[in-house]
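# Close look at the chain arrangement
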Amino acid sequence: MKKSIYAFLFVVLGLLTIASVNAAIVIPEINLGSSTQARNVALTGSFTISNTDAAAVTLQLQSLVPAEYAVQMAASVTVPANGTVTVPITVRVPLSQDSGKKIIGSITASNNAGVLVTSNVALATESKLEITKVSAEIDGDSTSLDDGEDADAKPGDTIKLTITVKNKFTENIDIEDVTVTLEQDDLDWDEDDDISNIKDGDKETSIFNLKIDTDVDEDDYDVDITAEGDDENGARH
């Protein structure tokens, strides 16, 4: 989040004295978790508050993250002039948390002049749905593809792609309504295949039969393959 600079004038009642506050406070986006972050656990991280002003400032911190995350952090901090402070923060990762990086709310920092800055809180959580293997059969020749590897084909070829998807849960949690999607705009490929259910630890496959047009230019074409589904707790993977 970019810094916000506010100038405030306070008039002391009954007097002509005017005081000013110009606090330059910066709180970058608060990023918690990772691609391996588990659910139903407490997660502790931290964020940094910077003050580019020539005077120290005391801030009140408020969480605007939903109660299910049970945010814990200091209620107030003092940031020195031209300095920084690191603030520990703990959140509860709910069972229903979607995988990937998601914005879950924000944190505000204020003083008696009002809110000085608002920063988003992002939480990254592990996906338990994994594409474990992609194989391509081109005119009878089969090739196993790892991420980033190539399959050689030419205009007019027929390609059979087999995608293997695994439920990585080790406890008794199914992933339901799984959809495997394959896209390549230049080749006009936009296909999907529905897998009703994958039990914990099991694998399922999706098969796509594709045709390369005869008038396609010879080039390298990246194919996007994604798999998505919902677990029994409502989390998206």
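Scroll up to find the structure.
Keep in mind the model is a prediction, meaning the values are calculated, not measured. Within each chain, residue numbers correspond to sequence positions counted from 1 in written order. Given that this is a predicted model, residues contribute local features only at a pLDDT of at least 70 and side-chain atom pairs are listed and counted only at 80 or more, while totals for whole chains, interfaces and linings are drawn from all residues. With hydrogens and water excluded, all non-hydrogen atoms of the structure serve as input to the side-chain values.

## Description of the overall build of the chain
Defined as follows: Runs of H or I in DSSP of at least four residues are treated as helices and runs of E of at least two as strands, each being numbered from the N terminus. Each residue is placed in one exposure class: buried if its accessible area under a 1.4 Å probe, protein chains only, is under 20% of its type's maximum, exposed if it is over 50%, and partly exposed if it falls in between. We call two residues contacting when some pair of their heavy atoms lies within 4.5 Å. Computed with a 1.4 Å probe, the accessible areas rest on the Shrake-Rupley method; for each residue, only the protein chains presented here act as cover.
Regarding its fold elements, the chain presents 0 helices and 17 strands. Looking at the chain as a whole, 37% of its 237 residues are labelled buried. Once local pairs closer than 6 in sequence are excluded, the contacts in the chain between residues at least 24 apart make up 64%. Looking at the chain as shown, the accessible area adds up to about 13400 Å², and 44% of this sits on carbon and sulfur atoms.

## Description of the pairing of strand 11 (residues 129-138)
Basically, it comes down to this: Only strands joined by at least two bridges in the DSSP assignment are considered to pair.
Of the strand pairs in this sheet, strand 11 and strand 13 (residues 158-167) are connected by 9 bridges, and their pairing is antiparallel. In the strand pairing of strand 13, Val134 is matched with Ile163. Across 5 bridges, strand 11 lies against strand 12 (residues 141-145) in antiparallel orientation. In the sheet register, Ala136 faces strand 12, and the bridge partner there is Thr143. The loop that links strand 11 with its antiparallel partner strand 12 comprises 2 residues; one of these, Asp139, has a positive phi angle of about 50°.

## Brief notes about the pattern of salt bridges
Opposite charge on two side chains allows them to pair when their charged atoms are near. Where we set the bar: Only one rule defines a salt bridge in this text: a Lys or Arg side-chain nitrogen within 4 Å of an Asp or Glu carboxyl oxygen.
Counted by the stated rule, this structure contains 7 salt bridges. Residue Lys168 is joined to Glu126 by a salt bridge in which the shortest nitrogen-to-oxygen separation is 3.3 Å. Of this pair, Lys168 sits in the loop between strand 13 and strand 14 (175-184) while Glu126 sits in the loop between strand 10 (114-125) and strand 11, and the two are 42 residues apart along the sequence. Judged by relative accessible area, which is 15%, Glu126 ranks as buried. The salt bridge partner of Asp230 is Arg236, with a shortest N-O separation of 3.1 Å. By relative accessible area, Asp230 is classed as partly exposed at 25%. Accessibility expressed as a relative area gives 30% for Arg236, which makes it partly exposed. In this structure, a network of salt bridges that share partners links the residues Glu126, Lys128 and Lys168.

## Structural notes on the nonpolar core
Put simply, the test is: Put simply, a nonpolar core is a bunch of buried Ala, Val, Leu, Ile, Met, Phe, Trp, Tyr and Cys residues held in one set by side-chain atoms that sit within 4.5 Å of each other.
Of all hydrophobic cores here, the largest spans 26 residues; its most connected members are Ile25, Ile27, Leu32, Phe47, Ile49, Leu59 and Val77. Sorting the residues of this core by element identifies strand 3 (30-33), strand 4 (41-51), strand 5 (57-63), strand 7 (76-79), strand 8 (83-93), strand 9 (100-111) and strand 10 as the ones contributing at least two each. The biggest single contributor to this core is strand 8, with 5 residues. Look past the residues within four positions of Phe47 in its chain and what remains in contact with it is Ile27, Ile30, Leu61, Met73, Val85, Thr86, Val87, Ile89 and Ile107. Formed by 24 residues, the second largest nonpolar core is a distinct cluster that contains Val134, Val165, Leu182 and Trp189.

## A look at the sheet that holds strand 17 (residues 224-231)
By definition, the strands of a sheet pair up through backbone hydrogen bonds, in either a parallel or an antiparallel sense. Counted only if it meets this: What counts as an axis is a line fitted to C-alpha atoms, over the stretch in contact for a helix, and the angles between N-to-C directions run from 0 to 180 degrees.
As summarised here, the arrangement of the 3 strands in space is 15-14-17, forming an open sheet in which the pairing is antiparallel. Whereas interior strands pair on both sides, the edge strands pair on one side only; in this sheet they are strand 15 (189-198) and strand 17. Neighbour to neighbour, the strand axes of the sheet diverge by 15° on average, direction disregarded.

## Here we look at the sheet that holds strand 13
Across the sheet, which stays open at both edges, the 4 strands sit in the order 12-11-13-16 with antiparallel pairing between neighbours. Two strands close off the open sheet at either side, each with one partner strand: strand 12 and strand 16 (203-211). Pairwise comparison of adjacent strand axes, ignoring direction, gives a mean angle of 20° for this sheet.

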